[in-house]
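Spelled out from the first residue to the last, the chains are:
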Amino acid sequence: MREPAFWWRKNGGSLLAPLAAIYGAVAWGRIQAQGKPAGVPVICLGNLTAGGAGKTPAALAVARLLLAAHERPFFLSRGYGGKLAGPVRVDPSFHHAVDVGDEPLMLARLVPTIVARDRVAGARTARAAGASIVVMDDGFQNPSLIKDLAILVVDGRRGIGNGRVIPAGPLRAPLEIQIVRAQALVVVGPPDGAGKILDTARRFGVTVFHGRLEGDRNSLAALGKRKVLAFAGIGNPDKFFATLTEAGIAVAARSSFPDHHRYTAADAQALLARAAAENLVLITTEKDHVRLAGDPALAALAAHAGILPVRLVIDEQDEFRQLVLSAAKRN
């Protein structure tokens, strides 16, 4: 499903305001519920809004800090888009995106990853398997687990769009209700559209960090001066296209798909044909590429499409590390 364009326009979505009020009230009630302890510290990465903000790169950045400190982090994810309810430990050599979702496949390349729709059961599975800390790549609005550190991630350019709650706007719950339950906010990219969020965060004493997505240097160097056809089915494809452009890559053509899009044989044929006709190199995200694996109809696209891994770089790296490691020492 594609997000409506009016979400990102000032005063858009006014006709849906009554429905948004109901959705917001339900979300408020849900967020207020008391969670259960996991038995190990829990760090949660979440989005204020529907759509991509950089949450998964932020989760990976947190896990790398924990690994460097000799912790044993496990990721915990709902496994959006996958058919397995779990708890199940993700095996990238066996599972496909249709089983566990695309994000868990990416996460499992770094540290053990548990997919579970029941977050409490998932956390218990992680603890039994040896986790010293659980990192949630989603679930900020899910109250079932007590969170020792909640970090919200927002796209600095897009901010919160029209500031309305779903379905009138992109917010998953009213802004203040979400901000007050977080300890940190990471603004990814230039903060041009994040003024209201920053003001609200500071008013509630939430620590603000600034970050940027950086493409893998080897992947960028391999592209050189060649023109590319960039395609992505993530929450905010424009963020991927911007990362390429800012790195000096000549993006001659773009193809956007809905978040977590399941590519079809027709999609693959169209992308391959256009790239061949226009003499372009195909490039996509890690998250998109894992969705191509395991389907013979997509094998040619998977083989021809380059991947641009990205990392989240935090400007206030020392302070961010201290915040994360302090949470790891709780319980």
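Let me begin by describing the structure that accompanies this report. Everything quoted here is computed from the prediction, not taken from an experiment.

## A word on the overall build of the protein
Scanning the protein from terminus to terminus reveals 13 helices and 13 strands. Since a compact globule built from 331 residues should have a radius of gyration of about 20 Å, the 20 Å found for the protein is in line with a globular shape. Taken over the C-alpha atoms alone, the protein extends approximately 55 × 50 × 35 Å along its principal axes. Out of the 331 residues in the protein, the part that is buried amounts to 52%. Counted over contacts in the protein with a minimum sequence separation of 6, partners at least 24 positions apart contribute 75%.

## Quick look at the sheet that holds strand E11 (residues 281-284)
With parallel pairing, 4 strands are arranged side by side in an open sheet as E10-E9-E11-E12. Each edge of the open sheet is held by one strand with a lone partner, namely strand E10 (250-256) and strand E12 (306-307). Strand direction decides the pairing type here: strand E9 (residues 227-232) and E11, joined by 3 bridges, are parallel. When the bridges of E11 are listed, Ala 230 appears paired with Ile 283.

## Describing the environment of Arg 181
By secondary structure assignment, the location of Arg 181 is in the loop between helix H6 (175-179) and strand E7 (184-188). Owing to a relative accessible area of 35%, Arg 181 belongs among the partly exposed residues under this scheme. Between the C-alpha atoms of Arg 181 and Phe 241, which are 60 residues apart in sequence, the distance is 32 Å. Residue contacts for Arg 181: discarding those within four places in its chain leaves Ile 31, Gln 32, Phe 140 and Ala 150.

## Structural notes on the packing of helix H2 (residues 55-68) against helix H13 (residues 317-328)
The axes of two packed helices give the description: the angle between them and the distance between them. At a closest axis distance of 10 Å, the pairing of H2 and H13 adopts a crossing angle of 70 degrees. It follows that H2 is roughly perpendicular to H13 by the angle criterion. Across the interface between the two elements, Val 62, Leu 65 and Leu 66 from H2 touch Gln 317, Phe 320, Arg 321, Val 324, Leu 325 and Ala 328 from H13. Residue composition of the contact of H2 with H13, grouped by class: 7 nonpolar, 1 polar and 1 charged.

## Observations concerning helix H9 (residues 237-246)
Every α-helix carries 3.6 residues per turn, so stepping three or four residues along brings you back to the same face. Of all the positions in H9, only Pro 237, Lys 239, Phe 240, Phe 241, Thr 243 and Leu 244 are classed as buried. Downstream of H9 by one or two residues, Gly 248 has phi in the positive range, about 90 degrees.

## Digging into the sheet that holds strand E5 (residues 133-136)
The strand order E3-E4-E2-E5-E1-E6-E7-E8-E13 describes an open sheet built from 9 strands, whose pairing is mixed. Bordering the open sheet on either side are strand E3 (88-89) and strand E13 (310-314), each of which pairs with just one other strand. Here E3 pairs with strand E4 (residues 113-115) via 2 bridges, running antiparallel. In the strand pairing of E4, Arg 89 is matched with Ile 114. Contacting strand E1 (42-47), strand E2 (73-77), E5, strand E6 (149-155), strand E8 (207-215) and E13, H2 runs over the sheet at an angle of about 160 degrees to E1.

## Details of the side chain of Glu 71
Mapped onto the fold, Glu 71 is located in the loop between H2 and E2. Here the side chain of Glu 71 touches Lys 329 through a polar contact of 3.3 Å, side chain to side chain. Filtering out sequence-adjacent residues up to four positions away, Glu 71 remains in contact with Leu 66, Ser 132, Ile 133, Ala 328 and Lys 329.

## Things to note about the pattern of salt bridges
On inspection of all chains with the given rule, the structure shows 16 salt bridges. A salt bridge links Glu 103 to Lys 287; the shortest N-O distance between them is 2.9 Å. Taken together, the residues Glu 103 in helix H4 (residues 102-107) and Lys 287 in helix H11 (residues 286-292) connect sequence positions 184 residues apart. For Glu 103, a relative accessible area of 10% gives the class buried. Looking at Lys 287, the relative accessible area reads 14%, which means it is buried. We note a salt bridge from Arg 109 to Glu 286, for which the minimum N-O separation is 3.6 Å. One end of the pair, Arg 109, is in the loop between H4 and E4; the other, Glu 286, is in helix H11, with 177 residues separating them in the sequence. Salt bridges sharing common partners tie together Lys 55, Glu 103, Asp 137 and Lys 287.

What counts as what
- Residues numbered from 1 in each chain as written.
- Predicted model: local features only at pLDDT ≥ 70, side-chain atom pairs only at ≥ 80, totals over all residues.
- Heavy atoms only, no water.
- Helix = DSSP H or I, 4+ residues; strand = E, 2+ residues; numbered from the N terminus.
- Rg over C-alpha atoms; globule rule 2.2 N^0.38 Å.
- Buried < 20%, exposed > 50% of the residue type's maximum accessible area, 1.4 Å probe, protein only.
- Contact = heavy atoms within 4.5 Å.
- Pairing = 2+ DSSP bridges.
- Axes fitted to C-alpha atoms, helices over the stretch in contact; angles between N-to-C directions.
- Parallel < 35°, antiparallel > 145°, perpendicular 65-115°, else oblique.
- Nonpolar A, V, L, I, M, F, W, Y, C, P; charged D, E, K, R; others polar.
- Polar contact = N/O pair within 3.5 Å; in protein donor to acceptor, adjacent residues only side chain to side chain.
- Salt bridge = Lys/Arg side-chain N within 4 Å of Asp/Glu carboxyl O.

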